[in-house]
Amino acid sequence: MKTKPWMTLLTPFIGTLLLAAGTSVWAKEPLTGGEQDPVMLDLDPYLIDALYGSDPKGQTGRFGAEGGMPDLLSEPEFVKLVEKHDLKLFNGPMLGDLKPTSAKFWVRTAGPARVQVNVGEQASASVQTAAEDDFTAVMTVTGLQPFTDYTYSVNIDGRTIQSPTFKFRTAPDKGQAVDFHVTFGSGSRYVPPNEFAWRNMAQSRPLAYLGLGDNVYIDVVNRRGAQRLFYYRRCLSPAYRELIAGVGMYAVWDDHDMAMNDSSGGSGLKADWKRPNWKVFTQNWNNPHYGGGPEMPGTWHSFSLGDVDFFMTDGRFYRDKQDRTMLGPDQKQWLLDGLAKAKGKFKVIASGTMWSDGADKDGKDSWAGTWARNERDEIFHLINDRKIDGVILISGDRHRSDIWKIERPRGYPLYEFVSAKVTNQHTHQTFPNAVWSYNEGNFWGQLHFDLRSDDPVMTFKCIDNSGEVVKEFPLKLSELSHD
């Protein structure tokens, strides 16, 4: 969307003004053209009509602002569709929070159900899904072995559900000499003809997927029913369902899945939409944690896969241009403390928006903005002052794939890898001042970690949605070192 003159004048205030007004001026309606899956052909029109409505801004769903699965199940026609397509397991399973000896599994059931996950001889606790959590549950299976392949099954009300896609690998131990890869991306609007990308990604067997925001395109800030619609249909996609069943999923939000285009949440929690929208997010992912929990909600979180530490930052919920902050004080301190304590050979800092100067929009919506640079530089200075080696930056938002090199006078260069067009149709221009910039078709990013040598290597790959490698860019740990 092109920037209008009045938008430029109001840049510091526009997100807050629009959110306070409770509008969805830039709503992007659900796309249905080209759909071929029989389940989606039946359910999608029904879900859209019920939860989004005919209004192009998503304001006329028949259950009001807070519609969800309990309301849908009150309608006999929806119940018949669930029975027709055997959808008691409505969404999921979604794998997450991988550790060397455990993993978590998320599900949504169509109505209350007793759910359990079985991995070999190990089983999770039996959990009851309920309306107050939109019939979602997260179960943990422990007693597993590091970096080991497993298959699993889901038991719902005594019925065992199995699938060839119900397989995963646990995380490696610290110090374990292994190689693995994770994928990442954003720009993931539900576009039926492009959904096959998720199946191809799943077939590449990544250990994890990092969703850098714009994981769904909602653009409706004041109606949780419309927000739930986009999560329901995303997780009903057969190709996406294959991915999440066997790949550890970790996600933060950006503007289109938090609120609206280029929006900022602002400081504090006074805005009445913040906690309800956050709750919808937490009900639809399987992260290790969600910011600081109910006392300091957000989507930021951290985790480790062997000798690689990941920091997933939330640059929207507390972004405040007047206060000159991208993260807000609590999240910033969490990140600085976490980086200072990190022991992994590589440390990946993920951001929904870009890090590099000169990358796009003159910093209007990125870390390069004059309002955000001091906070960004505080992070970069800590890397120098504490001599933190192996830092890699990744980001999304711009619908292309880039490699950027940030030279620093007191330390090794920081490389930023951008990938933000997994399924989206819209494309952003390439930039000649990048190390590499690409925008043809659809693609995702991959970080391959080879920890088997004395000088471990991280290789970035841009992979198109057919699974073909477009670009490879290796970096040795010695190139990301203060020594």
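Our subject is the structure that appears above.
None of the values given here were measured: they were computed from a predicted structure. (Residues numbered from 1 in each chain as written. Predicted model: local features only at pLDDT ≥ 70, side-chain atom pairs only at ≥ 80, totals over all residues. Heavy atoms only, no water.)

(A) Here's a closer look at the pairing of strand β21 (residues 443-450). Taking burial as the measure, the eight residues of β21 include eight buried ones, the bulk of the element. Burial of the side chains of β21 extends over both faces: Phe443, Gly445, Leu447 and Phe449 are buried on one face and Trp444, Gln446, His448 and Asp450 on the other. The sheet contact formed by strand β11 (residues 179-185) and β21 spans six bridges and is antiparallel. Paired with phenylalanine 184 across the two strands is glycine 445, which belongs to β21. With eight bridges joining them, β21 and strand β22 (residues 457-464) adopt antiparallel strand pairing. Opposite phenylalanine 449, over in β22, you have methionine 458 as the bridge partner. Between β21 and β22, which pair antiparallel and follow one another directly, the connecting turn spans six residues. (Buried < 20%, exposed > 50% of the residue type's maximum accessible area, 1.4 Å probe, protein only. Helix = DSSP H or I, 4+ residues; strand = E, 2+ residues; numbered from the N terminus. Pairing = 2+ DSSP bridges.)

(B) Seen up close, empty space enclosed by the protein. On inspection of all chains with the given rule, the structure shows four cavities of 30 Å³ or more. Residues that form the lining of the largest cavity fall into these classes: six nonpolar, two polar and three charged. Approximately 40 Å³ is the volume found for the second largest cavity. Lining the second largest cavity, in full, are Thr353, Met354, Asp360, Lys361, Asp365, Ser366, Asp397 and Arg398. Residues that form the lining of the second largest cavity fall into these classes: one nonpolar, two polar and five charged. (1 Å grid on protein atoms, 1.4 Å probe; cavity = no way out; pocket = protein on both sides within 12 Å on 5 of 7 lines; lining within 4 Å. Points joined across faces, edges and corners; volume = space filled by probe spheres on them. Nonpolar A, V, L, I, M, F, W, Y, C, P; charged D, E, K, R; others polar.)

(C) Expanded view of the packing of helix α7 (residues 224-236) against helix α8 (residues 238-246). The geometry of α7 relative to α8 is characterised by a closest axis approach of 5 Å and an angle of 80 degrees between their N-to-C directions. In this view, α7 runs roughly perpendicular relative to α8, as classed from their interaxial angle. Between α7 and α8, the contacting residues are Arg234, Cys235 and Leu236 on the first element and Pro238, Tyr240, Arg241 and Ile244 on the second. (Axes fitted to C-alpha atoms, helices over the stretch in contact; angles between N-to-C directions. Parallel < 35°, antiparallel > 145°, perpendicular 65-115°, else oblique. Contact = heavy atoms within 4.5 Å.)

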